[in-house]
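Listed here are the chains, written in short residue letters.
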Amino acid sequence: KYGKSASDYLAEFQEASRAGYQNAAQIAELSLAAQGAGNLTSELADRFITAADRAYELGGSVAKLTEILDGSFSISGRNAISMAELAEAMSAAGEQTSQLGISADETAAVLGTIISGAHQSGAEASEAFESILLLIRQVADAGKGIDAESLTRYEEACSALNVSLKETRNGVTSLRDPMEVLKDLSEAYSKLNAGDTRKATLLDAAGSEMNADALEAVLENYSQYEEMLSQYARGAGSMAQKAAETADSWEGSLDRLSNTWTDTIGNIADSGAVITLVNGLNGLLSVVNSITDGL
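Reference entry: report on the structure contained in this document.

What counts and how
- Residues numbered from 1 in each chain as written.
- Predicted model: local features only at pLDDT ≥ 70, side-chain atom pairs only at ≥ 80, totals over all residues.
- Heavy atoms only, no water.
- Salt bridge = Lys/Arg side-chain N within 4 Å of Asp/Glu carboxyl O.
- Helix = DSSP H or I, 4+ residues; strand = E, 2+ residues; numbered from the N terminus.
- Buried < 20%, exposed > 50% of the residue type's maximum accessible area, 1.4 Å probe, protein only.
- Contact = heavy atoms within 4.5 Å.
- Axes fitted to C-alpha atoms, helices over the stretch in contact; angles between N-to-C directions.
- Parallel < 35°, antiparallel > 145°, perpendicular 65-115°, else oblique.
- Left-handed = near helix turned anticlockwise from the far one by under 90°.
- Nonpolar A, V, L, I, M, F, W, Y, C, P; charged D, E, K, R; others polar.

Notes on the pattern of salt bridges
Tallied over the entire structure, the rule returns 12 salt bridges. Glu43 is the partner of Arg47 in a salt bridge, and the nearest nitrogen-oxygen pair spans 2.9 Å. Taken together, the residues Arg47 and Glu43, both in helix α3 (residues 42–55) and 4 residues apart, mark about one turn of the helix. On the accessibility criterion, Glu43 (48% relative accessible area) is partly exposed. With a shortest N-O distance of 2.6 Å, Asp184 and Arg176 are connected by a salt bridge. By relative accessible area, Arg176 is classed as buried at 12%.

Structure below.
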């Protein structure tokens, strides 16, 4: 079905079982489909599935995991983005982005935008986006070099563009949705002249050069992000289609032939008729052996 060897399936089944999945057979097939469709290593495919399951608390639902994989493959295929890089980015960032209020489709689309626009690897894109989210959500993180001063600098840089990180509803002040903040920043950023110092101030407030490049990629390509969101939503069946194409390749076809041959040999070996025939021949030869021994 997926152009993979039987041993590949058994290895995936064992891995899913060890991970505690009760539906290990289905998870194994899902991993094989992802590997074939995106040319992913088994380790990366397994990590992507496990990370998504944990980040969005899917409880091992194959239907929901397939939806995430389909959406990601749809974005990858329509934007010439390496599925391996996108899978790497989502595996690394999924849990953090989920905790900061970003859904799976938003995560896939914004990471795709950063990988494409900033020409960053999956690992770089995930690290940069996590830092940007922490700044927007005003969360300090010593490991990423974000302290109280960093948070204040970023908030002030946004305020200079008339974009607030907070909103007040019914007398209660709270932080705004991160993607809404980025959308407002994108609109304000695009209206600034090339030499406007507010541009540089905002990018500098993002921290490292890698973070600045990622932020600029999102702000300058927000329409692309929205298009990727749409592509994600239309992605049903993307992975299965790509996996089928891979299964029809030389390698996939040869794997299927090998599996069929193994199955055929298994059928013969397990056949009661063959066993009866073999036993019959053995009995006949025993008689012949006794006669020839006497002669």
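A few points about the side chain of Ser31
Position of Ser31 relative to the elements: it lies in helix α2 (residues 24–38). Of the residues examined, Ser31 reaches a relative accessible area of 1% and is grouped as buried. Setting aside anything within four residues of it in sequence, one finds Ser31 in contact with Glu12, Ser42, Ala45, Asp46 and Ile49.

Here's the deal with the packing of α3 against helix α5 (residues 83–99)
For any two helices packed against each other, the geometry comes down to the angle between their axes and how far apart the axes lie. It is at 9 Å that the axes of α3 and α5 come closest, and there the two elements cross at 25°. Judged by the angle between their axes, α3 and α5 are roughly parallel. Where α3 crosses over α5, the handedness of that crossing is left-handed. Across the interface between the two elements, Leu44, Arg47, Phe48, Ala51, Arg54 and Ala55 of α3 pack against Met83, Ala84, Ala87, Glu88, Met90, Ser91, Gly94, Glu95 and Ser98 of α5. A breakdown of the residues in the contact of α3 with α5 according to their chemical character gives 8 nonpolar, 3 polar and 4 charged.

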